[in-house]
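Reading the structure
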Amino acid sequence: MMQMDWAKGLLRPDVEVRESVKTLGQLSGIFANTKALREMDPTTVVYRVQAWCPIPEGTEGGLFWGTTVVEPGLVDSEYFMTHGHFHLKRDRTEYYGTIEGEGALVLMDETRATWMEPMAAGTVHFIRPRVAHRVANIGKSPLRFVACWPSDAGHDYESIRTYGFGARLLNVRGSAMLVKSDA
Ligand code: PAN
Ligand code: ZN
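Scope of this entry: the structure provided in the associated data block. Values in this document were obtained by computation on a predicted structure and should not be read as measured data.

Some words on the overall build of the chain
Of the regular secondary structure elements, the chain holds 2 helices and 15 strands. Its C-alpha atoms give the chain a radius of gyration of 16 Å, near enough to 16 Å, the size a compact globule of 183 residues would have. When the backbone C-alpha atoms are referred to their principal axes, the chain occupies close to 45 × 35 × 30 Å. Residues classed as buried in the chain amount to 44% of the 183 residues present. Expressed as a percentage of contacts within the chain between residues at least 6 apart in sequence, the contacts between residues at least 24 apart total 68%. Across the chain, the centroid of the 20 positively charged side chains sits 3 Å from that of the 22 negatively charged ones.

Given below as structure tokens:
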């Protein structure tokens, strides 16, 4: 059994919980404006992840549970966001559920068609097979969400590092807009 603090959107720290922190320095390849990024503090936290993986990674038929907190912020006009990935087993799906904050779930299929679903307290999102997913915080406070995914899904970060998403979520005159990428 695990304890979840639903108000904070966090699992209680426990020996079974894997925790990771992603900083601007670690995410340098994913933001468009590398010059603007270089002028920022590389130790700035962009997001934190907790994962409860009660069975070994790769086990067929199991489920993992995680929390993510994305901080508010911008690199030039691009919102702070998660790295994003396809699942290594492309047909593996996932649920995201928003605890609080204002965000956007950016989704991309294998033809690079990219779209978004707004995230706000209470929204539940089903991530379909063969769809890459990333979350941007478009608000002024931390964006907190939970995730549940198959234990044999795996994560393909490489495709995103190399080709990115088909569009970027930018702050255009104060509003969040999905803008097609050149890459
Ligand atoms: C989530 C993500 C989490 C962090 O648990 O792993 O939000 O995003 P990145 O993995 O893209 O850094 C999930 O989608 N698991 O499959
Ligand atoms: Zn995933």
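Brief notes about the pattern of salt bridges
Tallied over the full model, the rule gives 12 salt bridges. The closest approach of N and O atoms between Asp 91 and Arg 92, which form a salt bridge, is 2.7 Å. Each of the salt bridges in this network shares a partner with another, and the network as a whole consists of Lys 89, Asp 91, Arg 92 and Asp 152.

A word on the sheet that holds strand S8 (residues 94-100)
Taken in spatial order, the 6 strands of this open sheet run S3-S4-S5-S13-S8-S11, and their pairing is antiparallel. In this open sheet, the two strands that pair with only one neighbour each are strand S3 (17-23) and strand S11 (124-127). The sheet shows a mean angle of 20° between the axes of neighbouring strands, direction not considered. Here 7 bridges tie S3 to strand S4 (residues 45-52), and the two strands are oriented antiparallel to one another. Along S4, the bridge assignment pairs Arg 18 with Ala 51.

Side note on the packing of aromatic side chains
For the structure shown, the criterion picks out 5 aromatic pairs. Measuring from ring centre to ring centre gives 6.1 Å for Trp 6 and Trp 65, while their planes differ by 70°; the resulting arrangement is edge-to-face. One end of the pair, Trp 6, is in the loop between strand S1 (4-5) and strand S2 (10-11); the other, Trp 65, is in strand S5 (residues 63-70), and 59 residues separate them in sequence. The partly exposed category is assigned to Trp 65, whose relative accessible area is 24%. Taken together, a centroid distance of 5.3 Å and an interplanar angle of 45° make the contact between Tyr 95 and Phe 126 tilted. Highlighted residues: Tyr 95 in strand S8 and Phe 126 in strand S11, separated in sequence by 31 residues. A relative accessible area of 47% places Tyr 95 in the partly exposed class.

Notes on the coordination of the zinc ion (ligand 2)
Donor atoms from the polypeptide that bind the zinc ion (ligand 2) are His 85 (NE2), His 87 (NE2), Glu 94 (OE) and His 133 (NE2), placed at 2.1 to 2.3 Å. Around the zinc ion (ligand 2) sit 6 donor atoms, and with donor-metal-donor angles ranging over 74 to 172° the site reads as octahedral. Taken in sequence order, the residues that donate to the zinc ion (ligand 2) follow the motif H-x1-H-x6-E-x38-H. Of this pair, His 85 sits in the loop between strand S7 (78-79) and S8 while His 133 sits in strand S12 (residues 132-137); the two residues are 48 residues apart in sequence, bridging distant segments of the chain. Residue class for His 133 comes out buried when judged on its relative accessible area of 1%.

Quick word on the site of ligand 1
Tyr 47, Thr 68, Gly 84, Tyr 96 and Tyr 157 are the nearest of the 16 residues found near ligand 1. Take Glu 94: an N or O atom from its side chain is 2.9 Å from an oxygen atom of ligand 1. In this structure, an oxygen atom belonging to ligand 1 sits 3.3 Å away from a side-chain N or O atom of His 133. With the chains in place, 96% of the 390 Å² that ligand 1 exposes on its own is no longer accessible. Counting atoms within 2 Å of the grid points, the majority share of ligand 1 lands in the largest pocket. Those elements that place two or more of their residues in the shell around ligand 1 are S4, S8 and strand S13 (143-150). Considering each element in turn, the shell around ligand 1 owes the most residues, 3 residues, to S13. Along the lines of polarity and charge, the residues of the shell around ligand 1 split into 7 nonpolar, 8 polar and 1 charged.

The rules behind these values
- Residues numbered from 1 in each chain as written.
- Chains lettered and ligands numbered in written order.
- Predicted model: local features only at pLDDT ≥ 70, side-chain atom pairs only at ≥ 80, totals over all residues.
- Heavy atoms only, no water.
- Helix = DSSP H or I, 4+ residues; strand = E, 2+ residues; numbered from the N terminus.
- Rg over C-alpha atoms; globule rule 2.2 N^0.38 Å.
- Buried < 20%, exposed > 50% of the residue type's maximum accessible area, 1.4 Å probe, protein only.
- Contact = heavy atoms within 4.5 Å.
- Lys, Arg positive; Asp, Glu negative; His and termini not counted.
- Charge placed at Lys NZ, Arg CZ, Asp CG, Glu CD.
- Salt bridge = Lys/Arg side-chain N within 4 Å of Asp/Glu carboxyl O.
- Pairing = 2+ DSSP bridges.
- Axes fitted to C-alpha atoms, helices over the stretch in contact; angles between N-to-C directions.
- Phe/Tyr/Trp six-rings, centres within 6.5 Å; stacked < 30°, edge-to-face > 60°.
- Donors = N, O, S within 2.8 Å, 3.2 Å for Na, K, Ca; no water.
- Tetrahedral: all angles 85-135°; square planar, octahedral: opposite > 155°, others 65-115°.
- Near = heavy atom within 4 Å.
- Polar contact = N/O pair within 3.5 Å; in protein donor to acceptor, adjacent residues only side chain to side chain.
- Areas by Shrake-Rupley, 256 points an atom, 1.4 Å probe, with all protein chains shown as cover.
- 1 Å grid on protein atoms, 1.4 Å probe; cavity = no way out; pocket = protein on both sides within 12 Å on 5 of 7 lines; lining within 4 Å.
- Sits in = over half its atoms within 2 Å of the grid points.
- Nonpolar A, V, L, I, M, F, W, Y, C, P; charged D, E, K, R; others polar.

Geometric values such as these leave the question of function open.
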